[in-house]
Amino acid sequence: MVIPFSIITSRLCGTPSVPANSTRSSRAVKLGILGEVAGNQVAYADYRYFWDNWDIGAHTFGAGYRRYFGDRLLADVFLRYYQQEAALFYSDNAQTETLYVSRNRQLSTFSSIGAGARISYRAATLPGGQPLLVNGAYEFVSYRFDDFTDVRTGSLYSYNAHVLQLLLTTKF
């Protein structure tokens, strides 16, 4: 008889039990609002809650403003905040607590804030009436970790990222 979900109990004090031979399952709920501010201008906001069977819970808040300039150029500015709670098997001291524990910073408690802009330009109309779009985006994101220490300095880890995207898209 095969037991699909068995529990492995850690022998380390304070370390939670982790399901063995199980798959990760997750759920998310998103609510949003979109409203026309004026002709060809839209403001939007949304909230997303994520949770899974690893005890990770995350909240994402976003807001932005989108506007057409003529009939070929669409511009968008946005702000996003993200906050996550650590997985049940995460530990910043995983070198000591090694049984069923991870020190992966992406499983820790952290938050990020990002601000950016996107543009989409309709460069041409292809045979069959499909648009050829040139898309570009830039986002500055700042990450702050609440319980992940930088082993080089002993202080809480944080970093900033500049994200640049350039795309050429069409439908066919």
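Scope of this entry: the structure provided in the associated data block.

What counts, and where the lines are drawn
Residues numbered from 1 in each chain as written. Predicted model: local features only at pLDDT ≥ 70, side-chain atom pairs only at ≥ 80, totals over all residues. Heavy atoms only, no water. Pairing = 2+ DSSP bridges. Helix = DSSP H or I, 4+ residues; strand = E, 2+ residues; numbered from the N terminus. Buried < 20%, exposed > 50% of the residue type's maximum accessible area, 1.4 Å probe, protein only. Polar contact = N/O pair within 3.5 Å; in protein donor to acceptor, adjacent residues only side chain to side chain. Contact = heavy atoms within 4.5 Å. Salt bridge = Lys/Arg side-chain N within 4 Å of Asp/Glu carboxyl O.

Further remarks concern the pairing of strand β9 (residues 156–170). Sheet topology places strand β8 (residues 131–149) next to β9; 14 bridges connect them, and they run antiparallel. Along β9, the bridge assignment pairs Asn135 with Leu167. In this structure, the hairpin formed by β8 and β9 is closed by a connection of six residues, where Gly154 is found at a positive phi of approximately 80 degrees.

Turning next to the pairing of β8. Sheet topology note: the strand β7 (residues 110–125)/β8 ladder contains 15 bridges and is antiparallel. Note that in β8 the partner of Phe110 across the bridge is Phe145. Counting the residues in the hairpin turn of β7 and β8 gives five residues, including Gly128, whose phi is positive at 95 degrees.

Another aspect to go through is the side chain of Ser120. Relative to the assigned elements, Ser120 resides in strand β7. The class of Ser120 is buried, set by a relative accessible area of 17%. Polar contacts involving the side chain of Ser120 include one to the side chain of Asn135, which spans 2.8 Å. Once residues lying within four places of it in the same chain are set aside, the contact partners of Ser120 are Arg72, Leu73, Leu74, Leu133, Val134 and Asn135.

Right, let's talk about the pattern of salt bridges for a bit. Counted according to the given criterion, the structure contains seven salt bridges. Across the salt bridge formed by Asp52 and Arg24, the nearest N and O atoms sit 2.6 Å from each other. Here the residue Asp52 occupies a position in strand β4 (residues 41–52), and Arg24 occupies one in the loop between β2 (18–20) and β3 (26–38), the gap between them amounting to 28 residues. Assessed through its relative accessible area of 41%, Arg24 is described here as partly exposed. Among the salt bridges present, the one from Glu139 reaches Arg80, with a minimum N-O distance of 3.9 Å. With Glu139 in strand β8 and Arg80 in strand β6 (residues 73–84), this residue pair connects regions lying 59 residues apart in the sequence. Under the relative-accessibility criterion, Glu139 is labelled buried at 17%. Residues joined by salt bridges that share partners form a network here, namely Arg66, Asp76 and Arg118.

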